[in-house]
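Spelled out, the chains give:
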2 protein chains.
Amino acid sequence: MTQPAANLRIDADRLWSSLMEMAQIGPGVAGGNNRQTVTDADGEGRALFQRWCEAAGCTMGLDQMGNMFARREGTDPDALPVYVGSHLDTQPTGGKYDGVLGVLGGLELIRTINDLGIKTKHPIVVTNWTNEEGTRFAPAMLSSGVFAGVHTQDWAYARVDAEGKSFGDELQRIGWRGDEEVGARKMHAFFELHIEQGPILEAEGVDIGVVTHGQGLSWTQVTVLGKDSHTGSTPMPMRKNAGLAMARILEKVEEIALSHAPDAVGAAGHIDVYPNSRNVIPGKAVFTVDFRSPTLSVIEDMEARLRKEAQAIVDAMGLEVSFEKVGGFDPVAFDEGCVEAVRSAAERLGYSHRNIISGAGHDACWINRVAPTAMIMCPCVDGLSHNEAEEITKDWAKAGADVLLHAVVETAEIVE
Amino acid sequence: MTQPAANLRIDADRLWSSLMEMAQIGPGVAGGNNRQTVTDADGEGRALFQRWCEAAGCTMGLDQMGNMFARREGTDPDALPVYVGSHLDTQPTGGKYDGVLGVLGGLELIRTINDLGIKTKHPIVVTNWTNEEGTRFAPAMLSSGVFAGVHTQDWAYARVDAEGKSFGDELQRIGWRGDEEVGARKMHAFFELHIEQGPILEAEGVDIGVVTHGQGLSWTQVTVLGKDSHTGSTPMPMRKNAGLAMARILEKVEEIALSHAPDAVGAAGHIDVYPNSRNVIPGKAVFTVDFRSPTLSVIEDMEARLRKEAQAIVDAMGLEVSFEKVGGFDPVAFDEGCVEAVRSAAERLGYSHRNIISGAGHDACWINRVAPTAMIMCPCVDGLSHNEAEEITKDWAKAGADVLLHAVVETAEIVE
């Protein structure tokens, strides 16, 4: 394969301008976005994306999950397309870049090779995966999951939001339920550009994260049962304080994660105590422990130790505990060839880079099951994401999209 | 003073029947009561109490806070009355006995001495204090607090509920805002019978708690500020996990309270983390530490140590903490003479008894500031209160009301 020349670069101003224009649709309340999946705003964003793609000479495909596929033809009618993309939907108080950079970065690479008259053997398809965020309809990465055979389409259609509306009905309502069978497309490769959503690249001053793995995830919901009792009239030895047992378990979560440093992480983001009244000792505590690691055996060890340590803590206090696994996915090892295409692109372009593990779930994690896949990360300010204050610089966006361009064009094979 | 004879007893069936009849008003959803203060149900309960009191020959007084005073005359026109009572209002999911036993136990003692033609030198007044619970209009013990000069009446009137209705307006609306100046009455003594709301008496098989002190209370609301960040993409050393800092502080709360065993207690009943999402490390934790002790210096020591230990914990983690004292009252030492009247009554009647410290706040704690006061406690099943499943036995109610009868009649001085 011929490598593209190092002076092949995207147009950063055009990319940035498209990012800002898309951000006008479904604005948030604090400078970010509320363009949740299969809302009217999502429909409006999709229409804008389609207009841009068609203006760039692409044809748009749409499958039954609303996944959008903007295709630029290659020179070989038998060659499978190289796919790029991410998602245009946002969190309810989301940022302007999470997902959007990966879609519009893909569009920008099409525009750039159009400008330069570059032909590729393989077609290039820019994808917008429906409902990556999962905040309106759980779970996250719903439609890439159906595409990759992780979920059935019927199950996905039946997901309901907080108002009881179903995903399938809402997709139909906004007019973006296509006819194409989901997952029928075969891919030569898939590349996803995404902001890091973590603090590492910025802290180290590195331009590009070459994503080698996606962390596996385990969510264990822990329920500690004690006994509601009055904070004043219950002597200390007669208390069954579920909040205190929870505190002790949270300390163990930290200890367990640190025992698998540096790649494993653990914390509880969800914590509720009941009845949550100032003068009632909590009789119940419910919290979800999030463990992640790029190594499956480490996740399994952390889960097992959590259960053992938590049981020992509540036994010593005369309380009860139960566990429910409420979420999880196995670690992902991205395709070595695709990862190397990303790394060599960064190298060729002169961007600093380091290997990185994706801590969050991404569409690429599911697509990796059905196609050779890799991800490119660029820094974001302060690691902040899922927040309207999410921010990146134009230079960071440019570096990420340049690397995407090179990795994709090399994989799609420039026709001389 | 002549002590009443040991065979002077209340009518347990009549007391129980009145408790059950009152519980028909403002029923709960699970066998208890929702007769919150200055609701229509509260008005209905008050009317029933007034009818009963008038049938027992009492005259009803009503002050500007809605406090009700049912008076049985004494033989000496110059003698100050002996007051008894508690409150008829309940928690939204409250029990049938918390407060009610103290009011209807007072009524039963009037009925009993009426039956037997007993005359006392001092009048006896049975009181229903408005809004002891404080769940609809904070704080608790609102009207006994105004009576005792702890709060001003204007401030009390201006308290609003969750719907924005003011206490003063609602009291007027239900028709129980009287003309009498609050706190103008002078008392010879005040006795309050109440369920323990704790597990000690039942666990030890003791009939009567002779309440010597009310625990002092300190509520410190602690706010830990860390940084919201993704549970997956934030390396362990870069986290500022406010939930973990909270867990460490909760362990210290336990340690601090235990260092002042056996009478001091400490716990956090109120715990909130933000944004409380499974995949976001809590950037903020807000919780209220409840410390209690019958000794003021112990409370002060616990408060100071909490602040010091919490500061050290967050400093070590690179977080921030702030403290707000959101509630508190000083320990109460009840009147030695009144306490002795309770103890000797239990002794004379052959009921097992022990000294006990009230862990909860009660109207008696405020009235103790303006009159010689004591409390009598009886067991409740499993220490359960502020719960529709709150339960006592008829025997426990009888023992408590018998002791109330004797303590009050002795203090009011039987006229031979």
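Note that the structure is predicted; figures quoted are calculated from it, not measured.

Conventions adopted
- Residues numbered from 1 in each chain as written.
- Chains lettered and ligands numbered in written order.
- Predicted model: local features only at pLDDT ≥ 70, side-chain atom pairs only at ≥ 80, totals over all residues.
- Heavy atoms only, no water.
- Helix = DSSP H or I, 4+ residues; strand = E, 2+ residues; numbered from the N terminus.
- Rg over C-alpha atoms; globule rule 2.2 N^0.38 Å.
- Buried < 20%, exposed > 50% of the residue type's maximum accessible area, 1.4 Å probe, protein only.
- Contact = heavy atoms within 4.5 Å.
- Areas by Shrake-Rupley, 256 points an atom, 1.4 Å probe, with all protein chains shown as cover.
- Lys, Arg positive; Asp, Glu negative; His and termini not counted.
- Charge placed at Lys NZ, Arg CZ, Asp CG, Glu CD.
- Buried area = accessible area lost by both parts, 1.4 Å probe.
- Salt bridge = Lys/Arg side-chain N within 4 Å of Asp/Glu carboxyl O.
- Polar contact = N/O pair within 3.5 Å; in protein donor to acceptor, adjacent residues only side chain to side chain.
- Nonpolar A, V, L, I, M, F, W, Y, C, P; charged D, E, K, R; others polar.
- Least-squares fit on C-alpha atoms with pLDDT ≥ 70 in both.
- Axes fitted to C-alpha atoms, helices over the stretch in contact; angles between N-to-C directions.
- Parallel < 35°, antiparallel > 145°, perpendicular 65-115°, else oblique.
- Phe/Tyr/Trp six-rings, centres within 6.5 Å; stacked < 30°, edge-to-face > 60°.
- Lys NZ or Arg CZ within 6 Å of the ring centre and 35° of its normal.
- Expected span 1.5 Å × (residues − 1).
- Left-handed = near helix turned anticlockwise from the far one by under 90°.
- Disulfide = S-S within 2.5 Å.
- Pairing = 2+ DSSP bridges.

Q: It is not clear to me how the overall build of chain A should be interpreted in this structure. Could you clarify?
A: From N to C terminus, chain A includes 12 helices and 17 strands. For 416 residues, the compact-globule formula gives about 22 Å, and the C-alpha radius of gyration of chain A, at 23 Å, lands near that figure. Dimensions along the principal axes, computed over C-alpha positions, put chain A at roughly 80 × 45 × 40 Å. Counting the 416 residues in chain A, one finds 62% classified as buried. Considering only contacts in chain A between residues 6 or more positions apart, those separated by 24 or more positions represent 80%. Carbon together with sulfur atoms contributes 48% to the accessible area of chain A, which is approximately 14600 Å² in total. Here chain A contributes 36 positively and 59 negatively charged side chains, and the mean placements of these two sets differ by 4 Å.

Q: Teacher, can you tell me more about the interface of chain A and chain B here?
A: Quoted interface sizes are often the accessible area lost when the parts come together. Each partner contributes to the interface: chain A provides 57 residues, whereas chain B provides 57 residues. Taken together, the two surfaces of chain A and chain B that pack against each other cover about 4500 Å², and 59% of this comes from carbon and sulfur. Run the count over chain A and chain B and you get 4 salt bridges. With a shortest N-O distance of 3.1 Å, A:D382 and B:K227 are connected by a salt bridge. Along the contact surface separating chain A from chain B lie 22 residue pairs in polar contact (both at pLDDT 80 or more). Looking at the side of chain A that touches chain B, the element that brings in the most residues is helix 8 (residues 242-258) of chain A, giving 10 residues. A class-by-class count of the residues in the side of chain A that touches chain B yields 25 nonpolar, 20 polar and 12 charged.

Q: Before we go on, may I ask you to explain the relation of the copies chain A and chain B in this structure?
A: Look at the two chain copies: a rotation about an axis and a shift along it is all it takes to match them. Relative to chain B, chain A is turned by 180° and slid 0.0 Å along the rotation axis, the superposed coordinates differing by an RMSD of 0.0 Å. Both chain copies can therefore be described as sitting about a two-fold axis. Across chain A, the smallest distance between a C-alpha and the rotation axis is recorded for A:A247, namely 2.1 Å. A shared binding surface is used by both copies, with 100% of the interface residues of chain A retained as interface residues in chain B.

Q: Can you help me understand the packing of helix 1 (residues 12-23) of chain B against helix 12 (residues 394-412) of chain B in this one?
A: Between two packed helices, the angle of one axis relative to the other and the distance separating the axes together describe the packing. All names here are of chain B. Contact pair helix 1 / helix 12: the axes reach a minimum separation of 10 Å and the direction vectors enclose 110°. In terms of orientation, helix 1 and helix 12 fall into the roughly perpendicular class. Taken together, the residues of helix 12 that come into contact with helix 1 (itself represented by A12, D13, L15 and W16) are K394, A397, K398 and A401. Taken together, the residues of the contact of helix 1 with helix 12 break down into 5 nonpolar, no polar and 3 charged.

Q: Got a minute to help me understand the packing of aromatic side chains in this structure?
A: Aromatic rings considered in pairs are described by the distance between their centres and by the relative angle of their planes. Going through the model one piece at a time under the given rule, you end up with 16 aromatic pairs over all chains. Measuring from centroid to centroid gives 6.1 Å for A:F329 and A:W366, while their planes differ by 70°, and the two rings are edge-to-face. Note that A:F329 is positioned in strand 13 (residues 320-329) and A:W366 in helix 11 (residues 363-367), a separation of 37 residues in sequence. Assessed through its relative accessible area of 15%, A:F329 is described here as buried. Ring centres 6.2 Å apart and planes at 45° place the aromatic pair B:F69 and B:F147 in the tilted group. Here B:F147 lies in helix 4 (residues 142-147) and B:F69 lies in strand 2 (residues 68-72), a separation of 78 residues in the sequence. Seen from the ring of A:W155, A:R159 lies directly overhead, with NZ or CZ sitting 3.9 Å from the centre. Directly above the ring of B:F69 sits B:R185, whose terminal nitrogen or CZ lies 3.9 Å from the centroid.

Q: What is the right way to read helix 9 (residues 296-317) of chain A from this model?
A: Owing to its 3.6 residues per turn, the α-helix aligns residues three or four sequence positions apart on the same side. Residue and element names in this part refer to chain A. In this model, helix 9 (22 residues) spans 32 Å end to end at C-alpha, consistent with the 32 Å of a helix rising 1.5 Å per residue. For helix 9, the secondary structure elements touched by its buried residues are strand 8 (216-225), helix 8, strand 10 (265-274), strand 12 (284-293) and strand 13. Where helix 9 terminates, the next one or two residues include G318, which has phi positive at roughly 75°.

Q: Would you take a moment to explain the packing of helix 8 of chain A against helix 9 of chain A for this structure?
A: Residue and element names in this part refer to chain A. Viewed as axis vectors pointing N to C, helix 8 and helix 9 meet at an angle of 150°, and their least axial separation amounts to 10 Å. Taken as axis vectors, helix 8 and helix 9 run roughly antiparallel relative to one another. The hand of the helix 8/helix 9 crossing is right-handed. Across from L244, A245, R248, I249, K252, V253, I256 and A257 in helix 8, the residues of helix 9 making contact are M302, R305, L306, E309, A310, I313, V314 and M317. For the contact of helix 8 with helix 9, the residue count by class is 12 nonpolar, no polar and 4 charged.

Q: I would appreciate a short explanation of the pattern of salt bridges in the present structure.
A: Oppositely charged side chains can form a pair if their charged atoms are brought close together. All names here are of chain A. The tally for this structure, following the rule as stated, stands at 50 salt bridges over all chains. Ionic pairing is found between E413 and K121, a salt bridge with its closest N-O pair at 3.9 Å. Of this pair, E413 sits in the loop between helix 12 (394-412) and strand 17 (414-415) while K121 is found in the loop between strand 4 (119-120) and strand 5 (124-128), placing the two residues 292 residues apart along the sequence. The partly exposed category is assigned to E413, whose relative accessible area is 22%. Judged by relative accessible area, K121 falls into the partly exposed class, the value being 28%.

Q: Teacher, can you tell me more about the state of the cysteines here?
A: A covalent bond bridging the sulfur atoms of two cysteines is what the word disulfide describes. Tallying each qualifying case throughout the model produces 0 disulfides over all chains. Cysteine A:C378 shares no disulfide, and the gap to the nearest cysteine sulfur, in A:C380, comes to 7.5 Å.

Q: Quick question: what am I supposed to make of the pairing of strand 5 of chain A here?
A: Residues and elements named next belong to chain A. Burial analysis of strand 5 places 5 of its 5 residues in the buried class, the great majority of the element. Going residue by residue along strand 5, you find I124, V126 and N128 tucked away on one face and V125 and T127 tucked away on the opposite face as well. Where strand 2 (residues 68-72) and strand 5 come together, 5 bridges link them in antiparallel fashion. Among the inter-strand pairings, M68 is bridged to a residue of strand 5, identified as N128. Pairing of strand 3 (residues 82-86) with strand 5, which is carried by 5 bridges, proceeds in the parallel orientation. Opposite V84, over in strand 5, you have V126 as the bridge partner.

Q: What am I meant to see in the pairing of strand 6 (residues 189-195) of chain A here?
A: The two faces of the sheet receive side chains in turn, since in a regular strand these alternate between them. Residues and elements named next belong to chain A. Within strand 6, 7 of the 7 residues are buried, which leaves the element mostly enclosed by the surrounding structure. Neither face of strand 6 is open: one carries A189, F191, L193 and I195, the other F190, E192 and H194, and all of them are buried. As judged from the 3 bridges shared by strand 3 and strand 6, these two strands associate in the parallel manner. Residue pairing for strand 6: V84 is matched across the bridge by F191.

Q: How should I be thinking about the side chain of A:S143 in this particular structure?
A: With respect to the secondary-structure elements, A:S143 resides in helix 4 (residues 142-147). Not counting residues within four places of it along the chain, the set of residues in contact with A:S143 comprises A:M65, A:N67, A:T130, A:N131 and A:F167.

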